[in-house]
There are 2 protein chains.
Amino acid sequence: MRMLLIEDSDSLAQSIQVYFHNEGHPLDWVNSVEKARSSVSLESFDLLILDINLPGASGFQLLQSLRANGNRIPVLVLTARTEIDDRVSALDFGADDYLAKPFDFRELAARCRALYRRERGKASNDILCGNLVYDLATHSAKVNGRLLELRQRERQLLELFLKNLDRVLTKDDISNRLYDFNEAYTPNAIEQTLTRLRKQLANSSLIIKTIRGLGYLAHVDD
Amino acid sequence: MRMLLIEDSDSLAQSIQVYFHNEGHPLDWVNSVEKARSSVSLESFDLLILDINLPGASGFQLLQSLRANGNRIPVLVLTARTEIDDRVSALDFGADDYLAKPFDFRELAARCRALYRRERGKASNDILCGNLVYDLATHSAKVNGRLLELRQRERQLLELFLKNLDRVLTKDDISNRLYDFNEAYTPNAIEQTLTRLRKQLANSSLIIKTIRGLGYLAHVDD
DNA sequence: TATACCATGTCAGGAAGATGTCAGCTTTAT
DNA sequence: ATAAAGCTGACATCTTCCTGACATGGTATA
């Protein structure tokens, strides 16, 4: 998902950028309508996050001209004003969604995902593995609808396996993902976490197989 | 969208009626509070447009009595006065929006659309969680019919959890919602508020579970 | 203006829980 | 059969979280 943020407040923009980056979604950022125009014409984005209150040309003008030119890119409008008509005109001008400041970054991310999904026709951001469902948004796992009580490490490990189904992960691969460079630990720590994770996955269809001397491989049992 | 206009100026009312009719939204019109009362009780409207300055009983009285009887129909108030207290009292008396004369018909139409959309968007004003009832309109919570004496922060936190039942909220999610970007606080502030909220919820069926290292999850206990 | 009160954040100590280490046992490949 | 690799129960340590006590700042009241 390639996104462009059009926002003149540096601090807010940077916070959003960091948040989205941590979520695994790089985000480009420009601080004026003029720069936005050229970015949009030069590159292809999946989504625009547009602050309405910009110096110079208003965000509305950008939105209006995009639509006038037949550009259907999903646009989420941010507005500091809480008046209803601001929102109304945003939607009437062709925005796909709006959010009033101050807002929750998680909500912004959720709405972006929703818009992107709507565009792609995708169903959800869950990872499905037989009777196991992993929700990437809330980092929670369910087996047959029952929530697993995963601890941090187990969760990280599970997520890693789910993102690498049917692929062998060496202990090095795993330790690089779970631990910082300067964190000291023995290889046994991973084995221990794995034991604990396997207990949690006892009656799920996700199997973590040991490949002796090489590493581990997660696959769905049918 | 079925609307009722309560307005004593014939010429203004007729202009509005024509405008809305051309927009494709038929609009009923009465010129007194008394007629409005009977219309509202006899038929079902999606929206009222209420002029405050009416002969006889004031528009405020109508508004007040509607709300006193638990009628939550969206009401947009028109006022010729521009004083702030007029607007304030309109909202305090339960109006959903107001507009000062003279106004642009397009703005009136946009605000009506917005109110209508907003209303359709929400199924109900109450969130039910076992023995806990939260009223989104008045922001009040009751457990077994007993009103909780929530403070501002506790209320915000509760509302956040209620809107995200069975979803994990990280402390970051929570702080983004409860605090402005530039407000300084320690993570402990959230823990403290949570402790206080949990005390209030002591014998309710809403449970706020701690997910160590990740955040919190609210769910209904059965 | 002075006072009291209340909401809310900070601090600190303690409790609860998570995670790594160790040691001994089991499994696997040769 | 043997050695190497992996598994796991028990334990120690380190984190995270909870909560009572206190500080602070804002607001209502006299």
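Predicted model only: the values in this text are computed from it and were never measured.

A. Summary view of the protein's contact with DNA strand D. Looking at DNA strand D, there are 23 residues lining it, with Gln192 and Thr210 of chain A together with Gln192, Thr210 and Arg212 of chain B nearest. The sugar-phosphate share of atoms of DNA strand D within 4 Å of the protein amounts to 52%. In the model, a phosphate oxygen of DNA strand D is placed 3.0 Å from a nitrogen or oxygen of the lysine 171 of chain A side chain. At a separation of 2.5 Å, a base oxygen of DNA strand D approaches a polar side-chain atom of glutamine 192 of chain A. Secondary structure elements with two or more residues in the surface near DNA strand D: helix 8 (187-200) of chain A together with helix 8 (187-200) of chain B. The element best represented in the surface near DNA strand D is helix 8 of chain A, accounting for seven residues.

B. Seen up close, the protein's contact with DNA strand C. With respect to spatial proximity, 25 residues lie near DNA strand C, and among them Arg153 and Thr186 of chain A together with Arg151, Arg153 and Arg196 of chain B are the closest. What you see for DNA strand C is that sugar and phosphate hold 62% of its atoms within 4 Å of the protein. A distance of 3.0 Å separates a phosphate oxygen of DNA strand C from a polar atom in the side chain of tyrosine 179 of chain A. Within the side chain of arginine 196 of chain B, a nitrogen or oxygen atom sits 2.7 Å from a base oxygen of DNA strand C. Contributions of two or more residues to the surface near DNA strand C are made by helix 6 (152-163) and helix 8 of chain A together with helix 6 (152-163) and helix 8 of chain B. Class assignment for the residues of the surface near DNA strand C results in seven nonpolar, ten polar and eight charged.

C. The arrangement of the pattern of salt bridges in detail. All names here are of chain A. What the rule picks out here adds up to six salt bridges over all chains. In this structure, the salt-bridge partner of lysine 171 is glutamate 191, at a minimum N-O distance of 2.8 Å. With a gap of 20 residues between them, lysine 171 in helix 7 (residues 171-178) and glutamate 191 in helix 8 connect regions that are remote in the sequence. By relative accessible area, lysine 171 is classed as partly exposed at 28%.

D. Examining the sheet that holds strand 1 (residues 3-6) of chain B more closely. Residues and elements named next belong to chain B. Overall, parallel pairing links the five strands, which are arranged 2-1-3-4-5 in an open sheet. The two strands at the open ends of the sheet, each matched to only one other strand, are strand 2 (27-30) and strand 5 (97-100). Ignoring strand direction, the axes of neighbouring strands in this sheet form an average angle of 20°. Sheet contacts for helix 1 (residues 10-22): strand 1, strand 2 and strand 3 (47-51); angle to strand 2, the most-contacted strand, approximately 170°. Strands strand 1, strand 2 and strand 3 of the sheet are contacted by helix 2 (residues 33-42), whose axis makes an angle of about 165° with strand 1.

E. Structural view of the sheet that holds strand 8 (residues 140-143) of chain A. Residues and elements named next belong to chain A. Taking strand neighbours across the sheet as the criterion, the four strands line up as 6-7-8-9 in an open arrangement whose pairing is antiparallel. If you trace the sheet from one side to the other, it starts and ends with strand 6 (126-129) and strand 9 (146-147), each paired once. Here four bridges tie strand 6 to strand 7 (residues 132-135), and the two strands are oriented antiparallel to one another. When the bridges of strand 7 are listed, cysteine 129 appears paired with leucine 132. Each of strand 6, strand 7 and strand 8 touches helix 6; the most contacted strand, strand 7, lies at about 105° to it.

F. Fine view of the packing of aromatic side chains. All names here are of chain B. For the structure on display, the rule yields four aromatic pairs over all chains. Between tyrosine 19 and phenylalanine 20, the aromatic rings sit 6.1 Å apart at their centres with planes inclined by 70°, giving edge-to-face as the arrangement. Ring geometry for tyrosine 19 against phenylalanine 105: centres 5.6 Å apart, planes inclined by 65°, an arrangement best described as edge-to-face. Of this pair, tyrosine 19 sits in helix 1 while phenylalanine 105 sits in helix 5 (residues 105-121), and the two are 86 residues apart along the sequence.

G. Representation of empty space enclosed by the protein. One pass over the structure, following the stated rule, counts one cavity of 30 Å³ or more. Roughly 60 Å³ of internal volume is contained in the largest cavity. Forming the boundary of the largest cavity are His139, Ser140, Ala141, Leu147, Leu148, Leu150 and Arg155 of chain A together with Val168, Ile211 and Leu214 of chain B.

H. Broad picture of the pairing of strand 6 (residues 126-129) of chain B. Residues Ile127 and Cys129 of chain B point to one face of strand 6 of chain B and are all buried, whereas Asp126 and Leu128 of chain B, pointing to the other face, are not buried. Between strand 6 of chain B and the antiparallel strand that follows it, strand 7 (residues 132-135) of chain B, lie two residues; glycine 130 of chain B among them carries a positive phi value of about 60°.

I. Quick look at helix 6 of chain A. The terminal C-alpha atoms of helix 6 of chain A, which comprises twelve residues, lie 17 Å apart, in line with the 16 Å expected from a rise of 1.5 Å per residue. All of the buried residues in helix 6 of chain A are Glu154, Arg155, Leu157, Leu158, Glu159, Leu160, Phe161 and Leu162 of chain A.

J. Representation of the packing of helix 7 (residues 171-178) of chain B against helix 8 of chain B. Residue and element names in this part refer to chain B. At a closest axis distance of 10 Å, the pairing of helix 7 and helix 8 adopts a crossing angle of 85°. Judged on the interaxial angle alone, helix 8 and helix 7 are roughly perpendicular. Along the contact surface, helix 7 presents Lys171, Ile174 and Ser175, while helix 8 presents Pro187, Ile190 and Glu191. Residues that form the contact of helix 7 with helix 8 fall into these classes: three nonpolar, one polar and two charged.

K. Structural view of the UniProt feature "modified residue: 4-aspartylphosphate" (unreviewed entry) in chain A. Residues and elements named next belong to chain A. Look at the UniProt record and you will see "modified residue: 4-aspartylphosphate" (unreviewed entry) annotated at Asp51. Looking at the element boundaries, aspartate 51 is found in strand 3 (residues 47-51). Given the relative accessible area of 1%, aspartate 51 is considered buried. With near-sequence residues (within four places) excluded, aspartate 51 lies in contact with Ile6, Glu7, Asp8, Gly59, Leu78 and Lys101.

L. Fine view of the packing of helix 6 of chain A against helix 8 of chain A. Residue and element names in this part refer to chain A. Axis separation between helix 6 and helix 8 bottoms out at 9 Å; the angle between their running directions is 80°. The angle between helix 6 and helix 8 falls in the class roughly perpendicular. Here Arg153, Glu154, Leu157, Leu158 and Phe161 of helix 6 come into contact with helix 8, specifically with Thr193, Leu194, Arg196, Leu197 and Gln200. Looking at side-chain class alone, the contact of helix 6 with helix 8 contains five nonpolar, two polar and three charged residues.

The rules behind the values
- Residues numbered from 1 in each chain as written.
- Chains lettered and ligands numbered in written order.
- Predicted model: local features only at pLDDT ≥ 70, side-chain atom pairs only at ≥ 80, totals over all residues.
- Heavy atoms only, no water.
- Near = heavy atom within 4 Å.
- Polar contact = N/O pair within 3.5 Å; in protein donor to acceptor, adjacent residues only side chain to side chain.
- Helix = DSSP H or I, 4+ residues; strand = E, 2+ residues; numbered from the N terminus.
- Nonpolar A, V, L, I, M, F, W, Y, C, P; charged D, E, K, R; others polar.
- Salt bridge = Lys/Arg side-chain N within 4 Å of Asp/Glu carboxyl O.
- Buried < 20%, exposed > 50% of the residue type's maximum accessible area, 1.4 Å probe, protein only.
- Pairing = 2+ DSSP bridges.
- Axes fitted to C-alpha atoms, helices over the stretch in contact; angles between N-to-C directions.
- Contact = heavy atoms within 4.5 Å.
- Phe/Tyr/Trp six-rings, centres within 6.5 Å; stacked < 30°, edge-to-face > 60°.
- 1 Å grid on protein atoms, 1.4 Å probe; cavity = no way out; pocket = protein on both sides within 12 Å on 5 of 7 lines; lining within 4 Å.
- Points joined across faces, edges and corners; volume = space filled by probe spheres on them.
- Expected span 1.5 Å × (residues − 1).
- Parallel < 35°, antiparallel > 145°, perpendicular 65-115°, else oblique.
- UniProt positions renumbered as here; feature names shortened; annotations may be inferred.

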